[in-house]
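Inside the fold
Below, each chain spelled out in residue letters.
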Amino acid sequence: MAQIFRAKKATKPSKHLALQIESMDHQGRGVARHDGKVCFVAGALTNEHVTAQVTQAKSKLLEAKLIKVMTASEYRTQPFCEHYEQCGGCNLQHQSVDNQLIEKQQAVEKLFARFAKITQLPWQAAITSAPLHYRRAARIASIYDKKRNTVKLGFRASQSKQIVDIEQCNVLAAPFADIFITLNALSQALNEFKFISHVQLCQADNHNYVLFRHTKGLSQTTYQAIRAGLENYQVVFDDGENAVEYQQLPNYRLPEFGLVLEFQLNNFIQVNQAVNDAMLHQAVTWLKPRADEKVLDLFCGVGNFSLVLAKYANAVIGVEGEAQSVAMARQNAQTNQIHNVQFHCFDLTRAISEATWFDPSVDVLLLDPSRTGALEVLEQLPLGQFSRILYVSCDPVTLARDAQVIHRAGFTLEKLGLMNMFVHTGHIETMALFVKQQK
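Residues numbered from 1 in each chain as written. Predicted model: local features only at pLDDT ≥ 70, side-chain atom pairs only at ≥ 80, totals over all residues. Heavy atoms only, no water.

1. A few points about the overall build of the protein chain
- A count of helical and extended segments in the protein chain gives eight helices and 21 strands.
- For a compact globule of 439 residues, the expected C-alpha radius of gyration is about 22 Å, and the protein chain comes in at 24 Å, within 12% of that figure.
- With respect to the three principal axes, the spread of C-alpha positions in the protein chain is 75 × 65 × 60 Å.
- Within the protein chain, the proportion of its 439 residues that are buried is 51%.
- Looking at the protein chain alone, contacts between residues at least 24 apart form 61% of all its contacts between residues at least 6 apart.
- About 22,100 Å² of surface is accessible on the protein chain, with carbon and sulfur atoms providing 48% of the total.
- Across the protein chain, the mean location of the 44 positive side-chain charges is 10 Å away from that of the 41 negative side-chain charges. (Helix = DSSP H or I, 4+ residues; strand = E, 2+ residues; numbered from the N terminus. Rg over C-alpha atoms; globule rule 2.2 N^0.38 Å. Buried < 20%, exposed > 50% of the residue type's maximum accessible area, 1.4 Å probe, protein only. Contact = heavy atoms within 4.5 Å. Areas by Shrake-Rupley, 256 points an atom, 1.4 Å probe, with all protein chains shown as cover. Lys, Arg positive; Asp, Glu negative; His and termini not counted. Charge placed at Lys NZ, Arg CZ, Asp CG, Glu CD.)

2. What about empty space enclosed by the protein?
- Counting across every chain of the model gives one cavity of 30 Å³ or more.
- Within this model, the largest cavity holds a volume of roughly 50 Å³.
- Lining the largest cavity are M24, D25, H26, Q27, G28, L92, Q95, Q100, E103, K104 and G426.
- Ranked by residue count, the leading element in the lining of the largest cavity is helix α1 (residues 97-116), at three residues.
- Looking at side-chain class alone, the lining of the largest cavity contains two nonpolar, six polar and three charged residues. (1 Å grid on protein atoms, 1.4 Å probe; cavity = no way out; pocket = protein on both sides within 12 Å on 5 of 7 lines; lining within 4 Å. Points joined across faces, edges and corners; volume = space filled by probe spheres on them. Nonpolar A, V, L, I, M, F, W, Y, C, P; charged D, E, K, R; others polar.)

3. A few points about the pattern of salt bridges
- For the structure on display, the rule yields 10 salt bridges.
- A salt bridge links E48 to R76; the nearest nitrogen and oxygen atoms lie 2.7 Å apart. Of this pair, E48 sits in the loop between β4 (37-42) and β5 (49-57) while R76 sits in the loop between β6 (61-71) and α1, and the two are 28 residues apart along the sequence.
- R76 gets classed as partly exposed once you look at its relative accessible area, which sits at 26%.
- With a closest N to O distance of 3.3 Å, E293 and R290 form a salt bridge.
- Exposure remark for E293: the relative accessible area of 2% places this residue in the buried category.
- It is possible to trace a salt-bridge network through shared partners that takes in R290, D292, E293 and R388. (Salt bridge = Lys/Arg side-chain N within 4 Å of Asp/Glu carboxyl O.)

4. Considering the packing of α1 against helix α8 (residues 396-408)
- For the pair α1 and α8, interaxial distance at closest approach is 8 Å and the crossing angle is 35°. Where α1 crosses over α8, the two elements pack in a sense that is right-handed. Mapping the contact onto sequence places V108, L111, F112, F115 and A116 in α1 and P396, V397, L399, A400, R401, A403 and Q404 in α8.
- Within the contact of α1 with α8, the residues separate by chemical class into 10 nonpolar, one polar and one charged. (Axes fitted to C-alpha atoms, helices over the stretch in contact; angles between N-to-C directions. Left-handed = near helix turned anticlockwise from the far one by under 90°.)

5. What to know about the confidence of the model for the protein chain
- Summary statistics for the protein chain give a mean pLDDT of 94 and a share of 97% for residues scoring 70 or more.
- Low pLDDT, under 50, characterises residues 7-13; the predicted model gives this stretch one contact beyond four residues in sequence or across chains. (pLDDT = per-residue confidence, 0-100.)

So, in structure tokens, the structure goes:
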């Protein structure tokens, strides 16, 4: 039977809605209500009256695009970046830094009330940093446009895979603020630059590094031209198959603790150095590890917390699922001559019943998981053996969810504080100290 083609009618854009913003959510979006539905409006602030257009409608919620601010919040500011309307990076530049912290704290309070049923939170002073040039590491996308025979370099657009051409980024560490000019010049001059899939930047304490990830082999001419164009940087290449060759591994120093930690550019490190330093100081201050105690550090990475705590505790056990990070952690322990720490490679989403690293005599637990949280391992651990649990979180939803498990195990939330690791963004980093209740 012949099928007759009928063109689908174009979906008409929804009418503009007049909304009163009641609060902000944990992603930094304005929250309003319309016809009994919750409506999220990116770019809107609490107490603002705005005009918005619905972009997605679900049974109980709406997502809308900000069209116009009719009545502005006193905390609304002028974005400092010319790419703000397009780039998907710093989505809260329109909000004062102090107000960002207030709204983030209120968002965390709502999540704890919802998931952990804890309504009185013991807030401590937030850890902050300079609002500009704070980011020591970042990844730049590089995409080859076959039709135009050009390479586009920059960051992803908001909620899109499209690349926003960047000329300057003022949240990057100062040595990288205008590196896009140099990279764009290289991309135009070198035909093989089209094989570059991304460029990674890292300001280490020993050098400023630029890593080029490429999907096909590069000629010696291209290698030499890139190195010559970036002569003030340590340039390395990654073909995805062979080990990256470094003249010298990048490192960062922790002067307060007399430590130097090396890492490779595909290892996780905290991108805000000032916040990381203050975070480690706070962890020691809150936990007060004693010389007769053992500490279990889960999701330990290259040893950021483990090696610091080993300065105070009797012994530290670090566990991490990424083998290369474990190798670096062991190397860092050896380099810093720390002998009371051991590191194990183990996927912490798996059953821990046969884990050789678990020690029933451990006194203190520290967790620093990814955004997915630590639910799988928390539900397996005999939490009652710990006197204190320090949870370092990069996602307030999973923190609040996991806090419920810890609270049920007989712990009281004693301290809670924001760490503004990513200024001008909706990301919420938090540190929470849980103390076992006395019977």
